[in-house]
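Understanding the architecture of this molecule
Residues per chain, in single letters:
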Amino acid sequence: MYTAHIVSHTHWDREWYNTFQQFRMRLVDLTDSLLELMERDPEYKYFTFDGQTIVLEDYLEIRPENEERLRKLTKAGRIIVGPWYNQPDEFLVSGESLIRNLLLGKKQSEDYGSYLASGYVRDCFGHTSQLPQLMRGFGIDNAVMFRGITADQTKSEFLWRSPDGSEVLVAKMPDNNAYSNFFYRLQQSLRDENQSLDEEQVTREVQALVEDCVSERPTTSHLLFMDGVDHVFPQFKTPGIIAIANKSLKNVKLVHSTIADFLAGVRSENPELQTFEGELRWSNRAWRLQAVLAGVLSSRIHLKQANHACETLLEKYVEPLWSWIYMMGGDYPQTYIDLAWKYLLQNSPHDSICGCSIDQVHKDMVYRYDQVRQIGDQLVAKGLANIAGRIGSRADNPDRTLVAAAFNMLSGSRTDVVDAEINFPGDWNIHSVRVLDPEGNEVPSAMIARRSYCPMTQAPYDIPGGHYHGIRLAFVAENVPSVGYKAYRIEALDKPNRQPGTMLLGPDTAENEFLSITISSDGTFYLLDKETDAVFANCLIFEDGGDFGDGWNYWKPFRDKVVTSLGAKTRVSVVEDNAVRVVFEIDTELELPAAREGDG
C-alpha cells in the first residue's frame, strides 16, 4: 500500500520567455485565484510557492490590500514559502550570494510565520558540492531536485555528502516529467476548467502515475505527486481527484500534502540509501528535459562579468569598509547594503543569470546591475572618505600637501601599483607631484593626466561649486598591510619632478626584475617568468567559430569556419612608459563571417 503525497505548487520563473512585468500580471491573477480557492475550499489544504519568497513582494506591490489574507494563510502553513528569496543558479553566482539568498528568504519567511525547511532546488542547472554544507548551515537536512543526477544512477531517494562531511536526504524527481508528474498524467482531466471529472478516466490516470513512480524505484511506500508546472494556477479539481482515487484504488492512498510531510514519511521507514559525494552535474542521455545545460555558462557573457563585478564590489569593498567604520564607532548603512544585495539577487535565477531569456529580460538585468554599482560605488567613496578623514587632513600636513590612503582589502600584505585621482585646490599652481611614504621616502610615481574641473560636490547648505585640479597619478605602494591601509603624502610641486626609469627595451619589448615580455607582429606575445624560468609562448590568440545554438546550447555548424588572430593585421603601441609601469596597446583586426548561412 503506497501513500501518495500530492504537493500542489507552481513553478514560478519570474522572467523568461516573457518579461517580469508580463509574468507578474499572471502572478497577481494566480495569487488572487489561490486566496479565493483556499478560503472557499478547506479540502484544498496546501500550496507551495516554488521555494521562494520574492513572489510575495511582487504580488503585494500590486495587491497591498490583500496582505492580511496572504499572511493569515501563510502563517497557518497552508501557503508555503521559502527557504530561498528566489531560485538561484548555483554555479554562476558566488557562494556568498547563495548565503544571502537564503538569509533573505528565511527572514521573509519567518516574517510571514512559515518556513519550508527544505533545500528545494528543483530546476537548477546542476548542483555545487557544497550545497549540503550550505543547507546544514541553515538547519536544513534535505534537498529536493531533478536535474544533476539521473534515474539510471539512483533510486528516488539518496544521501548527498559535501566535502566537509555534511549530509542531506535528497528526494529525486523523475527525469522525464520532473516537478510536474501529477500534472502531466492528469492533464486530460485537469485542462478543461468547465468539464467535470470523469471517475474512470481519473482512476486510469492516477494508476498510471503510481506505476510511473514505482518505476523510479522509491525506497519507501511514500510517493511524491507534484501537482503543478510552469506558471500554472492552483488546480481546484485536485481535492476531487483525491476523493475519486481513494474510493476506486486499493493500492494507494492519496493525501493533499507538503514536501515536509513527504520527507517525514520517507524518514519514518528508515530506508537504506545510496550516498553520492561532490557535484551533481550529470545529464540523462535519453531525455533533454533533465539536462544541466552547461552551455549557459557562456551565454551573454556581459551578464556574468557584471554579476562578478557587483558581487566583488559588495563582498570585498563595501561591507569590509563599513565594518571597519562600524568598529571605529561609525554608523553602518544596512538599508543601503540590503537594497544593493536585493537588486543583485534578483538577477540570480537560472533564466536570468544564465542568459537564456528574451532580450528585454536581460536589458532589465543590466538596469539592476547598474543600481548595485551606483549604490556600491557611492558607499565605497563615502567609506573611504570617512576612514581617510580619520587619518589626517591638509591641516595636519605641510603646505601644498594632501594625504592619500592605499587600502588593501585582501587577506595578505600587498605591493601593487595604485591608480588615483587627487583633487588639489584650483588656486594652486601645480606643475608636478611627488609621493612620500609614511617614513618620508619618495616612492616611484607618474603623473598620468590632469584636468581642471568643478566636481559638483555639494555642501549641506550650499549649491555645488568649487574648482579643482584633478591629477591622475600612479604610484607603487609597498607592503600595504592585510585588510588595512597605508597613508601617503602627495606634494604639489611648482616645478618638474622627473623620475628616471623605464621597463621598455624596444617598441614591443619590456622587462623588469620579475617578467620579460615580447609582442609579436600579430599581437601574440612571449612571456618569461624570470623567477621560475617558465616560458609562455603564443599568448593572446583570439579564436572565433560559428554557433547555431540558442541561449542554452552550443551547436557546431555543419561547415564551420574557425578564424584565429595568428598572422592577423596588428598594430602595437606604447601608451604608457614611466618609472611605475609600461603599458602596451595591441590593436588586432579579424575578418569574421557576419552570420550563419541557411542550415550550413
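Below: a short report on this structure. (Residues numbered from 1 in each chain as written. Predicted model: local features only at pLDDT ≥ 70, side-chain atom pairs only at ≥ 80, totals over all residues. Heavy atoms only, no water.)

**Thoughts on a nonpolar patch on the surface**
To keep it simple, the criterion reads: Put simply, a patch holds well-exposed residues, over 30% relative accessible area, that have no salt bridge, with like charges counted together within 9 Å and Val, Leu, Ile, Met, Phe, Trp or Tyr side chains within 5 Å. Accessible surface is estimated by sampling points in the Shrake-Rupley manner with a 1.4 Å probe; for residues, cover comes only from the protein chains shown. For this analysis, a salt bridge means a side-chain nitrogen from Lys or Arg found within 4 Å of a carboxyl oxygen belonging to Asp or Glu. Comment: elements are numbered from the N terminus, with helices defined as DSSP H or I runs of at least four residues and strands as E runs of at least two. When a residue's accessible area, from a 1.4 Å probe over protein chains only, is under 20% of the maximum for its type it is buried; when over 50% it is exposed; and in between it is partly exposed.
Taken together, L540, F542, L590 and L592 make up a surface patch of nonpolar side chains, about 330 Å² in accessible area. As for its placement among the helices and strands, F542 is situated in the loop between β21 (534-539) and β22 (543-544). A residue is classified by how much of its surface remains accessible, and F542, at 46% relative accessible area, is partly exposed.

**What about the environment of P132?**
To keep things clear, this is the line we draw: Residues are treated as being in contact if the distance between any of their heavy atoms lies within 4.5 Å.
By the element assignment, P132 lies in helix α5 (residues 131-137). Counting along the chain gives 13 residues from P132 to G119, while the straight-line C-alpha distance between them is 8.3 Å. Not counting residues within four places of it along the chain, the set of residues in contact with P132 comprises W160, R161, S162, S166 and V168.

**Examining the pattern of salt bridges**
One pass over the structure, following the stated rule, counts 31 salt bridges. Between K247 and E199 there is a salt bridge, with the nearest N and O atoms lying 3.3 Å from each other. With K247 in helix α9 (residues 238-248) and E199 in helix α8 (residues 199-215), the pair connects residues that are 48 residues apart, well separated along the chain. Residue classification places E199 among the partly exposed positions, given a relative accessible area of 43%. Residue R373 pairs with D370 through a salt bridge whose shortest N-O separation is 3.7 Å. Here D370 and R373 lie together in helix α14 (residues 359-391), a separation of three residues that amounts to about one turn.

**A word on the sheet that holds strand β13 (residues 432-436)**
As a reminder, the rule being used: Strand pairing is defined by DSSP finding a minimum of two bridges between the two strands. Between the N-to-C directions of two axes lies an angle of 0 to 180 degrees, each axis being a line fitted to C-alpha atoms and, for a helix, fitted only over the stretch in contact.
As summarised here, the arrangement of the three strands in space is β11-β16-β13, forming an open sheet in which the pairing is antiparallel. At either end of the open sheet lies a strand with only one pairing partner, and these are β11 (401-408) and β13. Each neighbouring strand pair of the sheet contributes to a mean axis angle of 30 degrees, computed without reference to strand direction. Relative to strand β16 (residues 484-493), β11 is paired through eight bridges, and the arrangement is antiparallel. What sits directly across from T401, in β16, is E491. Those strands touched by α14 are β11 and β16, and its axis lies near 125 degrees from that of β11.

**Concerning the sheet that holds strand β8 (residues 222-227)**
Reading across from one edge, β8-β1-β9 is the order of the three strands in this open sheet, with parallel pairing throughout. The open sheet has two free edges, formed respectively by β8 and β9 (252-256), since each of these has just one partner strand. The average angle at which neighbouring strand axes cross in this sheet is 25 degrees, direction not considered. Lying over the sheet, α9 contacts β1 (2-8), β8 and β9, oriented at roughly 160 degrees with respect to β9.

**Some thoughts on the environment of L504**
The residue L504 is located in strand β17 (residues 504-506) in this model. It is 8.9 Å that separates the C-alpha atoms of L504 and R581, two residues lying 77 residues apart in sequence. Discounting chain neighbours no more than four positions away, the residues touching L504 are T509, A510, V574, D577, V582 and F584.

**Observations regarding the state of the cysteines**
The test is simple: When two cysteine sulfur atoms lie within 2.5 Å, the pair is treated as a disulfide.
This model, assessed by the stated rule, comprises zero disulfides. Not part of a disulfide, C124 finds its nearest cysteine sulfur in C354, a span of 8.9 Å.

**Observations regarding the packing of aromatic side chains**
Cut-off, in case you're wondering: Pairing of aromatic rings covers Phe, Tyr and the six-membered ring of Trp, with a centre-to-centre limit of 6.5 Å; geometry is then stacked below 30 degrees between planes, edge-to-face above 60, and tilted otherwise.
In total, this model carries 15 aromatic pairs according to the counting rule given. Relative to Y179, the ring of F146 has its centre 5.9 Å away and its plane inclined at 80 degrees; by these criteria the two rings are edge-to-face. Pair noted here: F146 is in the loop between β5 (142-145) and β6 (157-161) and Y179 is in the loop between β7 (167-172) and α6 (181-185), with a separation of 33 residues, a long-range link. Using a relative accessible area of 0% as the deciding quantity, one classes F146 as buried. Seen in terms of ring centroids, F475 and Y488 are 5.1 Å apart; in terms of plane orientation they differ by 55 degrees. Their pairing is tilted. Here F475, found in strand β15 (residues 468-480), pairs with Y488, found in strand β16; they are 13 residues apart in sequence, far enough to count as distant. Across the pair, exposure class does not vary: F475 and Y488 are buried alike. Within the aromatic cluster, the residues linked to one another by ring pairs are W12, W16, Y17, F23 and W552.

**So, the pairing of β7**
Counting buried residues in β7 gives five out of six residues, a clear majority hidden from the surface. Pairing analysis gives four bridges linking β5 to β7, with the strands arranged parallel. Following the sheet pairing, N142 is matched in β7 by L169. Pairing between β6 and β7: five bridges, direction antiparallel.

**Some points on the side chain of S445**
Here S445 lies in strand β14 (residues 445-453). Given a relative accessible area of 10%, S445 falls into the buried group. Contact partners of S445, with chain neighbours within four places excluded, come to V435, A474, F475, Q499 and V580.

**What to know about unusual backbone geometry**
Of note, the amide linkage connecting G82 to P83 takes the cis form, showing an omega dihedral of 10 degrees. By the element assignment, P83 lies in the loop between β3 (79-80) and α4 (95-112). Positive phi is not limited to glycine here, since R300 has a value of about 50 degrees. Mapped onto the secondary structure, R300 falls in the loop between β10 (275-277) and α11 (301-327).

**Considering the nonpolar core**
Definition in use: Working definition of a nonpolar core: buried Ala, Val, Leu, Ile, Met, Phe, Trp, Tyr and Cys residues. They are joined through side-chain atoms within 4.5 Å.
Counting 35 residues, the largest nonpolar core has L314, V318, L321, L344, C354 and Y369 as the members making the most contacts within it. Those elements giving two or more residues to this core turn out to be α11, α12 (334-345) and α14. Top contributing element to this core by residue count: α11, with ten residues. M38, L56, Y59 and L60 belong to the second-largest nonpolar core, a separate cluster that totals 22 residues.

**Some thoughts on the packing of α11 against α12**
Where we set the bar: In what follows, roughly perpendicular refers to angles from 65 to 115 degrees, roughly parallel to angles under 35, roughly antiparallel to angles over 145, and oblique to any angle outside these ranges. Should the near helix be turned anticlockwise from the far one by less than a right angle, the crossing is left-handed, and should it be turned clockwise, the crossing is right-handed.
For the pair α11 and α12, interaxial distance at closest approach is 11 Å and the crossing angle is 160 degrees. Here α12 runs roughly antiparallel to α11, going by the angle between their axes. Crossing geometry of α11 relative to α12 is assigned as left-handed. Contact residues: N307, C310, E311, L314, E315, V318 and E319 in α11; I337, A340, W341 and L344 in α12.

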